[in-house]
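Here is what each chain is made of, one letter per residue.
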Amino acid sequence: MTLEPAVVISAIAACISALSALIATWNYHRERLNQKMTAAKWKKEYFADLLKWSDESIFLLSQSLHLCELDPRKMENNKFFELKHELRINLSAQIDRGRWFFPNYAIEKHGQHKHEAYRGFRPAVLDSLVFAYRAVSTLNYSDNSQNIKMREVVANAKRLFTSEIQKVLDPRSRDEEFEKITSKVDEA
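Residues numbered from 1 in each chain as written. Predicted model: local features only at pLDDT ≥ 70, side-chain atom pairs only at ≥ 80, totals over all residues. Heavy atoms only, no water.

**Details of helix α2 (residues 79-98)**
Turning to step 1, where the next piece is worked out: Helix length check: α2, at 20 residues, gives a terminal C-alpha distance of 28 Å against a target of 28 Å (1.5 Å per residue), a fit within 8%.
Turning to step 2, where the next piece is worked out: Buried within α2 are the following residues: Phe-80, Lys-84, Leu-87, Leu-91, Gln-94, Ile-95 and Gly-98. End-on, the buried residues of α2 take up no more than an arc of 100 degrees, which puts them together on one face.
Turning to step 3, where the next piece is worked out: Contacts made by the buried residues of α2 are with α1 (5-67), α3 (124-138) and α4 (147-169). (Helix = DSSP H or I, 4+ residues; strand = E, 2+ residues; numbered from the N terminus. Expected span 1.5 Å × (residues − 1). Buried < 20%, exposed > 50% of the residue type's maximum accessible area, 1.4 Å probe, protein only. Arc of directions from axis to C-beta. Contact = heavy atoms within 4.5 Å.)

Next up, the structure:
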């Protein structure tokens, strides 16, 4: 039995068409995976910058907390004043750097007379640094009798910061997402 050339050509064309559809589907899934990986890479880079900023912030909050415990009278040559001054500068700069990650919200409802970055309401994560800055600003550099009271203010600010930044960094879901994407890479 001989097959008609048209039947053979039709069968080959059908196989090529099916193979092309299969390759297109595979390419589509591969491209979607590449897009997800690119998005995950961008997100990882963003979170790396945010993590660096939050690490610096928590260090400054820890410094603030422990500065409250120091007795200025036991320090030489106005060292307490110098530490306080440097810490205030660093906290102030850290607050403003944080605005790059956490811009104010409701900017049309509050502070229209202010510069654009300062309009609206500050996010709680930045409030925590502001609370610490204000507490450090009130520390007395000659008598620590009132300074220890500021320790609780700074401790609360540190807990608020940790809670707020953990909501954003969300380490549990990022780990799960990373595992999910990398398992698909192994399958592809």
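**As for a nonpolar patch on the surface**
Turning to step 1, where the next piece is worked out: On the surface, Leu-3, Val-7, Val-8, Ile-12 and Ile-16 cluster together to form a nonpolar patch covering roughly 440 Å² of accessible area.
Turning to step 2, where the next piece is worked out: Tracing the chain through its elements places Ile-12 in helix α1.
Turning to step 3, where the next piece is worked out: Accessibility expressed as a relative area gives 47% for Ile-12, which makes it partly exposed. (Patch = residues over 30% accessible without salt bridge, like charges linked within 9 Å, V, L, I, M, F, W, Y side chains within 5 Å. Areas by Shrake-Rupley, 256 points an atom, 1.4 Å probe, with all protein chains shown as cover. Salt bridge = Lys/Arg side-chain N within 4 Å of Asp/Glu carboxyl O.)

**Thoughts on α3**
Turning to step 1, where the next piece is worked out: Across its 15 residues, α3 extends 21 Å between first and last C-alpha, which sits within 8% of the 21 Å expected from 1.5 Å per residue.
Turning to step 2, where the next piece is worked out: Of all the positions in α3, only Val-125, Leu-126, Asp-127, Ser-128, Leu-129, Val-130, Ala-132, Ala-135 and Val-136 are classed as buried.

**With respect to the nonpolar core**
The tendency in soluble globular proteins is for nonpolar side chains to be buried side by side.
Turning to step 1, where the next piece is worked out: If you look at the biggest cluster of nonpolar residues, it comprises 28 residues, and the most contacted ones within it are Leu-50, Trp-53, Phe-102, Val-125, Leu-129, Phe-161 and Ile-165.
Turning to step 2, where the next piece is worked out: Counting residues per element, the ones that place at least two in this core are α1, α2, α3 and α4.
Turning to step 3, where the next piece is worked out: When neighbours within four sequence positions are excluded, Leu-50 is seen to be in contact with Phe-101, Phe-102, Ile-165, Val-168 and Leu-169. (Core = buried A, V, L, I, M, F, W, Y, C linked by side-chain atoms within 4.5 Å.)

**Topic: the pattern of salt bridges**
Turning to step 1, where the next piece is worked out: Here the structure, examined in full by the defined rule, presents eight salt bridges.
Turning to step 2, where the next piece is worked out: Note that Asp-71 and Arg-73 form a salt bridge whose closest N and O atoms lie 3.2 Å from each other.
Turning to step 3, where the next piece is worked out: A salt bridge links Arg-122 to Asp-127; the shortest N-O distance between them is 2.6 Å.
Turning to step 4, where the next piece is worked out: Of the residues examined, Arg-122 reaches a relative accessible area of 24% and is grouped as partly exposed.
Turning to step 5, where the next piece is worked out: Residue class for Asp-127 comes out buried when judged on its relative accessible area of 18%.
Turning to step 6, where the next piece is worked out: Taken together, the salt bridges that share partners define one network made up of Asp-71, Arg-73 and Asp-143.

**Focus on the packing of α1 against α4**
Two numbers describe a pair of packed helices, the interaxial angle and the distance between the axes.
Turning to step 1, where the next piece is worked out: Running from N to C, α1 and α4 point in directions that differ by 170 degrees, and their axes come no closer than 9 Å. By the angle between their axes, α1 is roughly antiparallel relative to α4. When you trace α1 past α4, the crossing you get is left-handed. Across the interface between the two elements, Phe-47, Leu-50, Leu-51, Trp-53, Ser-54, Ser-57, Ile-58, Leu-61, Ser-62, Ser-64 and Leu-65 of α1 pack against Arg-151, Val-154, Ala-155, Lys-158, Phe-161, Thr-162, Ile-165, Val-168 and Leu-169 of α4.
Turning to step 2, where the next piece is worked out: Classifying every residue of the contact of α1 with α4 by side-chain character gives 13 nonpolar, five polar and two charged. (Axes fitted to C-alpha atoms, helices over the stretch in contact; angles between N-to-C directions. Parallel < 35°, antiparallel > 145°, perpendicular 65-115°, else oblique. Left-handed = near helix turned anticlockwise from the far one by under 90°. Nonpolar A, V, L, I, M, F, W, Y, C, P; charged D, E, K, R; others polar.)

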